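# Chains, contacts and geometry: an overview
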Amino acid sequence: MGVSIEVTNLNAWYGTNHTLQDIDLNIPANHATALIGPSGCGKSTFVRCLNRMHETNPIARVTGTVLIGGLDIYADAKPVEIRRRVGMVFQRPNPFPTMSIYDNVAAGLKLNGYSNRKVLDEIVEKSLKNSALWEEVKDELKKKSGASLSGGQQQRLCIARALAVDPEVLLMDEPASALDPVSTSKIEDLIFQLKSQYTIVIVTHNMQQAARVAEKTGFFLNGRMVEFDSTHKIFTNPSDKRTEDYITGRFG
Amino acid sequence: MVIAQVPEIRFNQSQLLTEPDLPGERPSAQPAQQEASAIRTFLLARGNSAWADRGFRWLMVLCALSIFGIVVLIATELVERSKLAWGAFGLDFFYKAYIDTFTGKPMYWDPVNSHFSALPFLYGTLVSSLLALLLAVPLAIGVAVFLTEMCPGFLRAPLAFITELLAAIPSVIYGFWAVSVLVPLMKIYVNPALIKTLGWTGLFADDNPTGLGFLTSGIILAIMILPIVSSLTREVMTAVPTSQREAVLALGATRWEMIRMGVLRNARIGIVGAIILGLGRALGETMAVAMVIGNSPEIQRSLLANGSTMSAVIANEFAEASSDLHLSALMELGLALFIVTIIVNAFARMLVWMVTRGTPSSVH
Amino acid sequence: MGLRTSLGEETLRDEHQLRAKLRTLADGAATGLAVLATVMVVAPLVAIFVYLVYKGAVSLNWAFFTHNPVPVGEAGGGMANAIVGSGILLGVGSLIGIPIGIAGGIFLAEFGRGTRLANAIRFTADVLNGVPSIVMGIAVYSLVVVPQGHFSAFSGGVALGIMMIPTVCRTTEEMLLMVPHAVREAALALGVPNWRSVLSITVRTASAGIITGCMLAFARVAGETAPLIFTAFGNVGWSEKLSEPIAALPLQIYVYALSPYDEWHRLAWAGALVLIVLIVLAVSLVRYVTSRGVLKGAS
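These figures come from a predicted structure and were not determined experimentally. (Residues numbered from 1 in each chain as written. Chains lettered and ligands numbered in written order. Predicted model: local features only at pLDDT ≥ 70, side-chain atom pairs only at ≥ 80, totals over all residues.)

### Overview of the interface of chain B and chain C
Across the boundary between the two partners, chain B contributes 73 residues, which contact 79 residues of chain C. The set of elements that each furnish at least two residues to the side of chain B that touches chain C consists of helix H3 (50-89), helix H4 (119-150), helix H5 (153-167), helix H6 (171-198), helix H9 (255-284), helix H10 (287-292), helix H11 (310-317) and helix H12 (324-356) of chain B. Top element by residues in the side of chain B that touches chain C is H3 of chain B. It accounts for 20 residues. Broken down by class, the residue content of the side of chain B that touches chain C amounts to 49 nonpolar, 14 polar and ten charged. (Contact = placed C-beta atoms within 7 Å. Helix = DSSP H or I, 4+ residues; strand = E, 2+ residues; numbered from the N terminus. Nonpolar A, V, L, I, M, F, W, Y, C, P; charged D, E, K, R; others polar.)

Okay, here's the thing in structure tokens:
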């Protein structure tokens, strides 16, 4: 089951660049939430603040509160602990190149010291099934390297890898933007099925995609969150004029 | 007012319009509806390995600092061991010589009477290195220009490979070859010819029939530094952006003019760096030089005369140094060599870096 | 409207044509010189190489690998002790140089990237690579041999190891920098601790390249003579103990090459061939691996 995310007064900087300004929002549990906005508006930075990946950059800084499932992830936990509970799928598929498919999926567990072979086998199978990749690779789990798959398959592999550690939240930073339409729709189906088990936050450039998979949508502009509401409202009757301009394609 | 078309939705209307739970009813950290899976429990118990991270980081830092440690180590050891000679001769070591009362000639390196002067070795090092540069640099640049700008594609890789291979041959093997082939060649053919044609310059005297000497060592040094100067020059030439080449060509230049104005001019700082790096290598080259320079601590004008270099005399005399002062003098030579090569190499690296802009260049 | 056809115009055109011809001539001459330089360089170098291989091939026999040196005047004998000695020295050197060098490279690439400390270390490593190996030798003499009171294989190993550190450090750094950032992020996002991510993911991805870097350093110090003259010192007999002087292949070659005995010259050629083969193999392997792309499918 997923958990909800409460963000209060979040500000983020890259060096002197004030990337996120005073973000407040509540992401509901077990739903998919989409974040839309033009390039460079801070949506990626925002999700990276949710699993504390933002601070891996030496000039990055964050202030504010993020509560995931009630836990203050900055004050009461360490980054490593958080990242085991909040999974991430990146824009470009990034399987570990020297590892087999099996090892890729199991990486999050094996590298954290888990070694029970039988259970690992089950988890790998379950994760690959959940990411709709099982049927295509089940015969070559240990023989094929993660990097030898097609782009869409690689991304599903990355999703399986993220699911294998049983996170409560799944962050997806434009997961389908580097993929062809067929793979994209497969991934959207996946998100649709997964959201009942996890809380999903998906950053997307594609408004239609947001409308297809997410119940709630947030619109980001220039580091601020302009509007956060149900997807239907955002797309049919936005409250803010800027949202309306973006939706209708006047910019971005 | 419908602003945008709401696209075809796959899930039914009621699902879409459902308002998600309000923040006031957020679930607890550990979801109550379903027990956390075994995996989740396992991972939650793993801790944050802050100690392991910190320890690992410090270990890596320490090992990286060992580079500084090595420099400090060498410096302190050499300085320590040079103290005796420094106390005995001071700065005179580097520019004064003791005049032998019997012959009236300067006696530079006299273990018997404990008079030591570095002059012949400074001279020998300088002469052999400069000779090497004189012979090697034009050829190296020519090769670099050919390989970078003129070479047909299929030849480039094999030729580059050969150059790299020859850079890897150990000094002692070059020395062995020089003793077996080069020295007889010099003795029988080259030296007599030089004496006959250029003896009037005073640089090619007749009194050393062995085939050893400054010129021979200069030649073998040239052969040894060719690969490094050439490959570094190639590297800085390749670092010149194509746009520079194209700009010159677009003005109607011939290929040579393009190379001269578009490439060499831009790369000249780096090429100077490559040359200085070659100089650095020549200064410190030990084994091959020790085998062909004749090992005579004399300063002679003739290039065909025997001489010695700083590194060669250390290699030859260290193991059998006759006194503590002797050893200390050798150590002081080593210290001088250390400082000189560091300065030369640092300067050269800076020049090359300026052209390739700090991208980690290949290790030479 | 016609062109001005004064005399000045004609001489200008002639001058252009003359200039053009000179330029083409210069271009040809430059090409010729460059080709000449290449030939003058490559041909003798290849000739040297072929000569070395030839002399070595005719001198090599089984006894070379299996026998120790015999007293002057007797036929036969070999350099078995020198081969083993080199092996031991390189073993000790690698044990010192490779781990420290790799760790240094990890620091430069993973922890210190862009910092002034890392830049200083990188620069110093490059400069160290240019310090004459004989200076390393006498420094280690002062550091190890003098306190110990005798020459030893251990001191020789230390000298070689210290020489390997800067080279291995730089090549490791270069290889690690080639690992795409996305791979590191993927590991971190899984909640893998940083140290584990660096070792099991980043280093592992670059492992082929790192290994070739070590091989390069290995081949480079395998042929070094100068640092061994006053540390390992050489040994005419068999020795495996770290506390005793030990024979080494390049050292033996040096001694034999300068001797007046033909038999010893023969052995020196054989030794030179063995050394060259080792180095050629290492360099070729490095080339092969790096040309195939050290990171299979990483990008």
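### Some words on the environment of Arg-116 of chain C
Looking at where Arg-116 of chain C falls in the secondary structure, it is placed in helix H4 (residues 116-129). For Arg-116 of chain C and Ala-282 of chain C, which are 166 residues apart along the polypeptide, the C-alpha to C-alpha distance reads 34 Å.

### Notes on the interface of chain A and chain C
The accessible area lost on association of the parts is a frequent measure of interface size. Every contact between the two is made by 21 residues of chain A and, on the other side, 19 residues of chain C. Elements that contribute at least two residues to the side of chain A that touches chain C include exactly helix H2 (79-85) and helix H3 (101-110) of chain A. Residue contributions to the side of chain A that touches chain C peak at three residues, all from H2 of chain A. For the side of chain A that touches chain C, the class distribution of residues is ten nonpolar, eight polar and three charged.

### What about the sheet that holds strand S4 (residues 60-68) of chain A?
Read across the open sheet, the four strands follow the order S2-S1-S4-S5 (chain A); overall the sheet is antiparallel. Only two strands of the sheet have a single neighbouring strand rather than two, namely strand S2 (17-27) and strand S5 (71-72) of chain A. (Pairing = 2+ DSSP bridges.)

### Here we look at helix H3 (residues 80-111) of chain C
Residue and element names in this part refer to chain C. The first and last C-alpha atoms of H3 sit 45 Å apart over 32 residues, in line with the 46 Å expected at 1.5 Å per residue. When the local axis directions of H3 are compared, the greatest deviation, roughly 30°, occurs at Ser-94. Within H3, 25 of the 32 residues are buried, which leaves it mostly tucked inside the rest of the structure. (Expected span 1.5 Å × (residues − 1). Bend = angle between axes of the 7 residues up to and from the residue. Buried ≥ 20, exposed ≤ 12 C-beta atoms within 10 Å, placed from the backbone.)

### Quick notes on the pairing of strand S3 (residues 32-36) of chain A
Residues and elements named next belong to chain A. Most of S3 is tucked away: five of the five residues are buried. Where S3 and strand S8 (residues 199-203) come together, four bridges link them in parallel fashion. The partner of Ala-32 across the bridge, within S8, is Ile-200. The pairing of S3 with strand S9 (residues 216-221) spans four bridges and is parallel. Each bridged residue has a counterpart across the sheet, and for Ile-36 the counterpart in S9 is Phe-219.

### Section: the pairing of S8 of chain A
All names here are of chain A. For S8, the buried fraction is high: five of the five residues fall into the buried class. The side-chain alternation of S8 yields two buried faces, one formed by Thr-199, Val-201 and Val-203 and the other by Ile-200 and Ile-202. The pairing of strand S7 (residues 169-173) with S8 spans five bridges and is classified as parallel. Paired with Leu-171 across the bridge in S8 is Val-201.

### A look at the sheet that holds S9 of chain A
All names here are of chain A. If you walk across this open sheet you meet the six strands as S6-S7-S8-S3-S9-S10, and the pairing is mixed. Of all the strands in the sheet, just strand S6 (86-89) and strand S10 (224-230) have a single pairing partner and so form its edges. Within the sheet, the average angular offset between the axes of one strand and its neighbour, ignoring direction, is 20°. Sheet strands touched by helix H1 (residues 43-50): S3, S6, S7, S8 and S9. Its angle to S8, the strand with the most contacts, is close to 150°. (Axes fitted to C-alpha atoms, helices over the stretch in contact; angles between N-to-C directions.)

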